[in-house]
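Coordinate inspection notes
Residues per chain, in single letters:
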Amino acid sequence: MISKLPKWAADLTEKTGSIMFDMKILETVYISPDIKKIRFQGDISQMNFQIGYANIIRVSNTEFRNYTASYHNVRDRILDIIFHIHDNGVGSRYIDKLKPKDELRISIPRGKKMYNETIRQQFIFGDETSLGLACAILPILQKNNHQYQFYFELDDENQNVPELLGLENYTVFSKKNTFRNEQWISELPVVNTDEWDAANYILTGNAKSVQTFRKVLKGKSRSNISSQGYWLEGKKGL
Ligand SMILES: Cc1cc2nc3c(=O)[nH]c(=O)nc-3n(C[C@H](O)[C@H](O)[C@H](O)COP(=O)(O)OP(=O)(O)OC[C@H]3O[C@@H](n4cnc5c(N)ncnc54)[C@H](O)[C@@H]3O)c2cc1C
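Here, residues in each chain are numbered from 1, in the same order as that chain's written sequence. pLDDT decides what is reported in this predicted model: residues at 70 or higher carry local features, side-chain atom pairs at 80 or more are listed and counted, and totals for whole chains, interfaces and linings draw on all residues regardless. Hydrogens and water molecules were not included; the side-chain quantities draw on all heavy atoms of the structure.

Named according to an unreviewed UniProt entry, the chain is Flavin-dependent oxidoreductase originating from Chryseobacterium daecheongense.

See below:
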């Protein structure tokens, strides 16, 4: 879905009952000053949640943004999303202002399926924008007895967020350019061993980091790679 539409088309999209559903905010929590988790309640029975899919939210008269459900429960009509509040964007500012009892419409999830249950080893890389995907996939990895490992590149103030979210088997890296450096990536334990040759690689988050990581993995002949840049410096509404 395009992130920017003329107002009349955005109005029409938001009103379309088969795409967008009414939600009410039950709770908002700041996991860190710039990570906000919101619990929405509404009819999610028509929604097909898959790892890699995103829901869209209208964040201005003309703009929509993609966000990942970190948890859902059809019986209790609950949907959680973990947002990165980054100061820069119309979406970020809109989300920062949301509070309990606010009402909005959220789309059905759609996008790119990234989880392949037939592969025993699963490696997941991302940043703040990928924490929702990480929380959504963790119980699936545990239930299906996968061997799994998360790598996160996070701002310094968010280094303890994976722990606060209850994630497991993760390594946190600083954002100081490391995942832009092919040589540095190629020396990481998961890359520098043949043990992870056959793993399924799920790469999301900063588009530049995703692209560099993917290039290194391809160079090491790792063939099961699902990647999607979630945002790109200087680009609105990727
Ligand atoms: C499939 C998919 C799933 C996603 N899931 C999530 C999710 O669960 N949670 C989440 O927070 N985001 C998620 N994102 C990313 C989110 O849609 C983008 O970060 C989006 O650009 C935010 O919109 P904005 O209006 O705040 O900023 P924009 O108006 O899009 O961008 C304005 C400026 O801010 C910069 N920018 C955008 N995002 C970030 C960021 N995260 N950190 C620093 N600078 C940024 C841009 O480069 C640009 O210069 C997802 C994206 C995709 C494609």
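Another aspect to go through is the sheet that holds strand β11 (residues 170–174). Note: two strands are recorded as paired if DSSP finds a minimum of 2 bridges between them. Only DSSP runs of H or I covering at least 4 residues are called helices, and only runs of E covering at least 2 are called strands; the numbering of each starts at the N terminus. Here five strands make up an open sheet; going across it, the order is β11-β10-β9-β12-β13 and the pairing parallel. Two strands close off the open sheet at either side, each with one partner strand: β11 and β13 (225–231). On average, each strand axis in the sheet is inclined to that of its neighbour by 10°, with strand direction left out of account. As defined by bridge partners, strand β12 (residues 200–206) adjoins β13 across six bridges and the pair is classed as parallel. Residue pairing for β13: isoleucine 202 is matched across the bridge by serine 226. Throughout, a residue-residue contact means that at least one pair of heavy atoms, one from each residue, lies within 4.5 Å. Between N-to-C directions, angles span 0 to 180 degrees; the directions come from axes that are lines fitted to C-alpha atoms, helices contributing only their stretch in contact. Sheet contacts for helix α3 (residues 131–143): β9 (121–126), β10 (147–154), β12 and β13; angle to β10, the most-contacted strand, approximately 170°. Sheet strands touched by helix α6 (residues 207–219): β9, β10, β12 and β13. Its angle to β12, the strand with the most contacts, is close to 155°.

Most often, soluble globular proteins have nonpolar side chains that are buried together. Ranked by size, the top nonpolar core spans 24 residues in total, and within it Leu131, Leu133, Ile137, Phe150, Leu165 and Leu167 carry the most contacts. The set of elements that each furnish at least two residues to this core consists of α3 and β10. Looking at this core, the element that brings in the most residues is α3, giving eight residues. For each domain, the first and last residues come from an automatic or database assignment. Here this core spans two domains, since at least three of its residues come from each of domain 1 (7–111) and domain 2 (121–231). If we ignore the near neighbours within four places in the chain, the residues touching leucine 165 are Ile31, Ile82, Leu131 and Cys135. The nonpolar core is taken to be a set of buried Ala, Val, Leu, Ile, Met, Phe, Trp, Tyr and Cys residues, with the residues joined through side-chain atoms within 4.5 Å. Each residue is placed in one exposure class: buried if its accessible area under a 1.4 Å probe, protein chains only, is under 20% of its type's maximum, exposed if it is over 50%, and partly exposed if it falls in between. Met23, Met47, Phe49 and Ile57 belong to the second largest nonpolar core, which has 20 residues in total.

Let us look at the UniProt feature "domain: FAD-binding FR-type" (unreviewed entry) in the chain. UniProt positions are given in the numbering used here, feature names are shortened, and annotations may be inferred rather than shown by experiment. The positions UniProt marks with the feature "domain: FAD-binding FR-type" (unreviewed entry) are residues 18–116. Helix and strand shares over residues 18–116 are 8% and 51% respectively, and the end C-alpha atoms of the span are 28 Å apart.

The next point concerns the site of the ligand. Summary of the distance rule: residues count as near a molecule or strand when at least one heavy atom falls within 4 Å of that molecule or strand. In the vicinity of the ligand there are 25 residues, among which Arg65, His84, Gly91, Leu232 and Gly237 approach most closely. Look at the ligand: alone it shows 910 Å² of surface, and the protein chains cover 93% of it. Mapping the ligand onto the cavity grids shows that it belongs to the largest pocket. Every element with two or more residues in the shell around the ligand is listed here: β4 (64–67), β6 (78–84), α2 (90–97) and β13. Every accessible area reported is derived by Shrake-Rupley at a probe size of 1.4 Å, with residue values counting cover from the shown protein chains alone. A pocket, in this scheme, is an open set of points on a 1 Å grid over the protein atoms alone with protein on both sides within 12 Å along at least 5 of 7 lines, while a cavity is a set where a 1.4 Å probe fits but cannot get out; residues line either one if an atom lies within 4 Å of a point. Each molecule is checked against the cavity or pocket grid, and it sits inside if more than half of its atoms lie within 2 Å of the grid points.

All right, on to the pattern of salt bridges then. We count a salt bridge whenever a side-chain nitrogen from Lys or Arg sits within 4 Å of a carboxyl oxygen from Asp or Glu. For the coordinates displayed, the defined rule picks out 14 salt bridges. In this structure, aspartate 102 and lysine 99 form a salt bridge, with 3.1 Å as the shortest nitrogen-oxygen distance. A relative accessible area of 48% means that lysine 99 is categorised as partly exposed. Shared partners join several salt bridges into a network, and the residues in it are Lys7, Asp11, Glu14 and Arg58.

Attention shifts here to α3. One less than the residue count of a helix, multiplied by 1.5 Å, gives the span that helix is expected to have. For α3, built from 13 residues, the straight-helix expectation of 18 Å at 1.5 Å per residue is met to within 8% by its first-to-last C-alpha distance of 19 Å. To obtain the bend at a residue, axes are fitted to the seven residues ending there and to the seven starting there, and the angle between these axes is taken. The axis of α3 is deflected most strongly, by about 30°, at isoleucine 137, and proline proline 139 appears within four residues downstream. For α3, the set of buried residues is Leu131, Gly132, Leu133, Ala134, Cys135, Ala136, Ile137, Leu138 and Leu141. Among the residues trailing α3, asparagine 145 stands out with phi positive, at a value near 55°.

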